[in-house]
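In case you want the letters, here they are:
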Amino acid sequence: MVGTGPVEVVEDLDGSAFVEHLVEQEAIKHPPTRLRADSLIARRENWWWVPRLLVSLTGIEEQHALRPRTRARDALLVRDRAGRPEVEVVTAEAWSDRGDVTLWSRGGTPLEGEGEPAFVFAHQYSPDFERWERWSRRGSLSGDTLLVTGSEGGPTGDSPSGPLAPYGLLERLGNHRSLARACRTAIARAESRRNT
(Lines give C-alpha, C1' and ligand atoms only; values in the text may rest on other atoms or scores of the structure.)
Protein backbone atom coordinates (compact mmCIF):
# COMPACT_ATOMS: atom_id res chain seq x y z
CA MET A 1 0.00 0.00 0.00
CA VAL A 2 1.03 3.58 -0.60
CA GLY A 3 -0.31 6.41 1.50
CA THR A 4 0.47 10.09 0.95
CA GLY A 5 -0.01 12.97 3.33
CA PRO A 6 1.81 15.33 5.67
CA VAL A 7 4.69 13.94 7.71
CA GLU A 8 6.24 14.83 11.04
CA VAL A 9 9.95 14.26 11.69
CA VAL A 10 11.08 13.92 15.32
CA GLU A 11 14.62 13.40 16.60
CA ASP A 12 14.67 10.72 19.31
CA LEU A 13 18.40 10.70 20.07
CA ASP A 14 18.11 8.45 23.12
CA GLY A 15 15.78 6.03 21.28
CA SER A 16 13.24 5.93 24.11
CA ALA A 17 10.15 6.78 22.03
CA PHE A 18 10.97 4.06 19.50
CA VAL A 19 11.62 1.42 22.16
CA GLU A 20 8.46 2.33 24.09
CA HIS A 21 6.05 2.41 21.12
CA LEU A 22 7.49 0.84 17.96
CA VAL A 23 10.23 -1.74 18.54
CA GLU A 24 7.83 -4.69 18.79
CA GLN A 25 6.21 -3.83 15.44
CA GLU A 26 9.63 -3.37 13.82
CA ALA A 27 10.91 -6.71 15.17
CA ILE A 28 7.93 -8.53 13.64
CA LYS A 29 8.46 -7.17 10.13
CA HIS A 30 12.25 -6.64 10.02
CA PRO A 31 14.38 -9.69 10.89
CA PRO A 32 17.62 -7.70 11.50
CA THR A 33 15.77 -5.81 14.25
CA ARG A 34 14.53 -9.12 15.64
CA LEU A 35 18.14 -10.27 15.78
CA ARG A 36 19.41 -7.14 17.55
CA ALA A 37 16.51 -5.76 19.59
CA ASP A 38 13.77 -8.30 20.29
CA SER A 39 14.69 -8.73 23.97
CA LEU A 40 15.68 -6.39 26.77
CA ILE A 41 19.18 -7.86 26.84
CA ALA A 42 19.62 -7.48 23.07
CA ARG A 43 18.40 -3.86 23.24
CA ARG A 44 20.89 -3.08 25.99
CA GLU A 45 23.80 -4.71 24.16
CA ASN A 46 22.83 -3.20 20.80
CA TRP A 47 21.64 0.22 22.02
CA TRP A 48 23.04 1.75 18.80
CA TRP A 49 20.60 -0.22 16.59
CA VAL A 50 17.46 1.65 17.70
CA PRO A 51 16.35 4.33 15.17
CA ARG A 52 16.93 7.90 16.31
CA LEU A 53 14.86 9.72 13.69
CA LEU A 54 11.12 9.00 13.59
CA VAL A 55 9.11 9.94 10.50
CA SER A 56 5.35 9.72 11.02
CA LEU A 57 2.55 10.09 8.49
CA THR A 58 0.18 12.37 10.42
CA GLY A 59 -2.77 11.99 8.04
CA ILE A 60 -3.59 10.04 4.90
CA GLU A 61 -4.72 12.21 2.00
CA GLU A 62 -4.57 9.45 -0.61
CA GLN A 63 -4.09 5.68 -0.47
CA HIS A 64 -3.79 2.95 -3.09
CA ALA A 65 -2.44 -0.57 -3.57
CA LEU A 66 0.77 -1.33 -5.47
CA ARG A 67 1.77 -4.37 -7.45
CA PRO A 68 4.18 -6.52 -5.42
CA ARG A 69 7.88 -6.68 -6.25
CA THR A 70 8.38 -10.30 -7.31
CA ARG A 71 11.70 -10.14 -9.15
CA ALA A 72 15.12 -8.78 -8.24
CA ARG A 73 14.85 -6.24 -11.09
CA ASP A 74 11.59 -4.79 -9.72
CA ALA A 75 11.89 -1.48 -7.89
CA LEU A 76 9.89 1.48 -6.60
CA LEU A 77 9.84 4.54 -8.82
CA VAL A 78 9.25 7.81 -6.96
CA ARG A 79 8.66 11.06 -8.85
CA ASP A 80 6.96 14.43 -8.57
CA ARG A 81 3.75 14.65 -10.60
CA ALA A 82 2.08 18.07 -10.46
CA GLY A 83 3.54 18.84 -7.03
CA ARG A 84 2.56 15.49 -5.51
CA PRO A 85 4.68 12.36 -5.01
CA GLU A 86 3.83 9.39 -7.20
CA VAL A 87 5.06 5.89 -6.36
CA GLU A 88 4.78 2.81 -8.56
CA VAL A 89 6.53 -0.52 -9.12
CA VAL A 90 8.66 -0.69 -12.25
CA THR A 91 11.09 -3.12 -13.80
CA ALA A 92 13.84 -3.01 -16.42
CA GLU A 93 15.69 -5.52 -18.57
CA ALA A 94 18.99 -4.15 -17.20
CA TRP A 95 19.77 -1.43 -14.65
CA SER A 96 22.85 0.36 -15.99
CA ASP A 97 24.84 2.73 -13.78
CA ARG A 98 24.70 5.59 -16.31
CA GLY A 99 22.76 6.47 -19.44
CA ASP A 100 19.30 5.42 -20.56
CA VAL A 101 17.29 2.65 -18.88
CA THR A 102 13.92 1.64 -20.35
CA LEU A 103 11.34 1.07 -17.60
CA TRP A 104 8.07 -0.83 -17.61
CA SER A 105 5.33 -0.25 -15.08
CA ARG A 106 4.35 -3.51 -13.38
CA GLY A 107 0.79 -2.15 -13.49
CA GLY A 108 0.90 -2.16 -17.29
CA THR A 109 0.29 1.57 -17.83
CA PRO A 110 2.71 3.84 -19.70
CA LEU A 111 4.87 5.94 -17.39
CA GLU A 112 4.60 9.11 -19.53
CA GLY A 113 7.51 10.90 -17.90
CA GLU A 114 7.90 14.59 -18.77
CA GLY A 115 11.53 15.08 -17.80
CA GLU A 116 10.80 15.21 -14.07
CA PRO A 117 13.38 14.09 -11.49
CA ALA A 118 12.94 10.42 -10.55
CA PHE A 119 14.37 8.04 -7.98
CA VAL A 120 14.27 4.24 -8.21
CA PHE A 121 14.91 2.17 -5.09
CA ALA A 122 14.87 -1.52 -4.16
CA HIS A 123 16.41 -3.97 -1.72
CA GLN A 124 17.18 -7.67 -1.62
CA TYR A 125 17.74 -10.01 1.28
CA SER A 126 19.20 -13.42 1.97
CA PRO A 127 16.88 -16.37 2.72
CA ASP A 128 17.63 -16.00 6.46
CA PHE A 129 16.73 -12.27 6.23
CA GLU A 130 19.94 -11.15 7.95
CA ARG A 131 21.75 -9.82 4.89
CA TRP A 132 20.00 -6.84 3.25
CA GLU A 133 21.38 -4.91 0.30
CA ARG A 134 19.91 -1.74 -1.17
CA TRP A 135 20.30 -0.40 -4.67
CA SER A 136 19.08 2.76 -6.36
CA ARG A 137 19.12 4.87 -9.52
CA ARG A 138 18.36 8.59 -9.84
CA GLY A 139 17.92 10.83 -12.84
CA SER A 140 15.11 12.20 -14.98
CA LEU A 141 12.20 10.34 -16.56
CA SER A 142 11.12 11.06 -20.15
CA GLY A 143 8.41 8.79 -21.47
CA ASP A 144 9.42 5.32 -20.27
CA THR A 145 13.15 6.12 -20.25
CA LEU A 146 15.13 6.97 -17.12
CA LEU A 147 18.28 8.98 -17.86
CA VAL A 148 20.47 7.72 -15.00
CA THR A 149 22.77 10.35 -13.49
CA GLY A 150 23.62 8.53 -10.24
CA SER A 151 23.49 5.00 -8.91
CA GLU A 152 24.26 2.80 -5.94
CA GLY A 153 24.53 -1.00 -6.10
CA GLY A 154 22.41 -3.14 -8.37
CA PRO A 155 20.04 -6.10 -8.39
CA THR A 156 21.29 -9.68 -8.36
CA GLY A 157 19.45 -12.92 -9.12
CA ASP A 158 15.81 -13.38 -10.07
CA SER A 159 13.88 -12.69 -6.86
CA PRO A 160 13.99 -10.16 -4.02
CA SER A 161 14.91 -12.99 -1.63
CA GLY A 162 17.93 -14.31 -3.50
CA PRO A 163 20.53 -15.26 -4.50
CA LEU A 164 22.22 -13.31 -1.69
CA ALA A 165 23.86 -16.01 0.38
CA PRO A 166 23.55 -15.88 4.16
CA TYR A 167 26.59 -14.56 5.99
CA GLY A 168 29.16 -17.03 7.25
CA LEU A 169 30.37 -16.70 10.85
CA LEU A 170 33.27 -14.33 10.08
CA GLU A 171 31.14 -12.25 7.71
CA ARG A 172 28.39 -12.02 10.33
CA LEU A 173 30.84 -10.78 12.98
CA GLY A 174 32.45 -8.33 10.56
CA ASN A 175 29.07 -6.99 9.46
CA HIS A 176 27.93 -6.58 13.05
CA ARG A 177 31.10 -4.69 14.03
CA SER A 178 31.08 -2.36 11.02
CA LEU A 179 27.36 -1.65 11.43
CA ALA A 180 27.82 -0.93 15.16
CA ARG A 181 30.73 1.39 14.39
CA ALA A 182 28.76 3.28 11.71
CA CYS A 183 25.70 3.66 13.97
CA ARG A 184 27.74 4.87 16.95
CA THR A 185 29.56 7.40 14.77
CA ALA A 186 26.29 8.76 13.36
CA ILE A 187 24.73 9.00 16.85
CA ALA A 188 27.78 10.86 18.20
CA ARG A 189 27.67 13.26 15.24
CA ALA A 190 23.95 13.94 15.80
CA GLU A 191 24.47 14.51 19.52
CA SER A 192 27.35 16.93 18.94
CA ARG A 193 25.29 18.80 16.33
CA ARG A 194 22.41 19.04 18.82
CA ASN A 195 24.72 20.34 21.58
CA THR A 196 26.17 23.16 19.43
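Residue numbering note: each chain is counted from 1, following its sequence as written. Confidence filtering applies because this is a predicted model: local features only for residues at pLDDT of at least 70, side-chain atom pairs given and counted only at 80 or more, and all residues used for totals across whole chains, interfaces and linings. Working from all heavy atoms in the structure, the side-chain values ignore hydrogens and water.

**Focus on the sheet that holds strand β6 (residues 84-92)**
The line we're drawing: Strand pairing is defined by DSSP finding a minimum of two bridges between the two strands. Helix and strand labels come from DSSP, where a helix needs a run of H or I of at least four residues and a strand needs a run of E of at least two; each type is numbered from the N terminus. A fitted line through C-alpha atoms serves as each axis, taken over the contacting stretch for helices, and the angle formed by two N-to-C directions is quoted from 0 to 180°.
Pairing within the closed barrel is antiparallel, and its six strands lie in the order β5-β6-β7-β10-β9-β8. Going from strand to strand, the sheet's axes swing by 45° on average, the running direction of each strand aside. Summarising the sheet, strand β5 (residues 75-81) and β6 pair through seven bridges and their orientation is antiparallel. When the bridges of β6 are listed, Arg81 appears paired with Arg84.

**Side note on the confidence of the model for the protein chain**
Rules: Per-residue confidence from the predictor is reported as pLDDT, a score between 0 and 100.
Of the residues in the protein chain, 97% reach a pLDDT of 70 or more, and the chain-wide mean stands at 89. Per-element confidence in the protein chain ranges from a low mean pLDDT of 86 for helix α3 (residues 31-37) to a high of 96 for strand β10 (residues 145-152).

**Here's the deal with the environment of Tyr125**
Of note, Tyr125 is situated in strand β8 (residues 113-125). Through-space distance from the C-alpha of Tyr125 to that of Ala72 is 9.9 Å; in sequence the pair is 53 residues apart.

**Comments concerning the layout of surface pockets**
Selection rule: Computed over the protein atoms alone on a 1 Å grid, cavities are sets of points where a 1.4 Å probe fits but cannot get out and pockets are open sets with protein on both sides within 12 Å along at least five of seven lines; a residue lines them when it has an atom within 4 Å of a point. Grid points are joined across faces, edges and corners, and a volume is the space filled by probe spheres set on the points. Note on residue classes: Ala, Val, Leu, Ile, Met, Phe, Trp, Tyr, Cys and Pro are nonpolar, Asp, Glu, Lys and Arg are charged, and everything else, Gly too, is polar.
Approximately 490 Å³ is the volume found for the largest pocket. For the largest pocket, the lining is made up of 19 residues, of which His30, Trp49, Trp132, Arg134 and Leu179 are closest to its centre. Contributing elements (two or more residues each) for the lining of the largest pocket: α2 (23-29), α3, β9 (132-143) and α5 (169-195). Here the residues of the lining of the largest pocket sort into six nonpolar, five polar and eight charged. Size it by volume and the second largest pocket reaches roughly 390 Å³.

**Describing α5**
For clarity, the cut-off: Helices are assigned an expected span. That span is 1.5 Å times one less than the residue count. Exposure classes here rest on a 1.4 Å probe applied to the protein chains alone. A residue is buried below 20% of its type maximum, exposed above 50%, and partly exposed in between.
Along its 27 residues, α5 runs 39 Å from first to last C-alpha, staying within 8% of the 39 Å computed at 1.5 Å per residue. Of all the positions in α5, only Ala180, Cys183, Ile187 and Ala190 are classed as buried.

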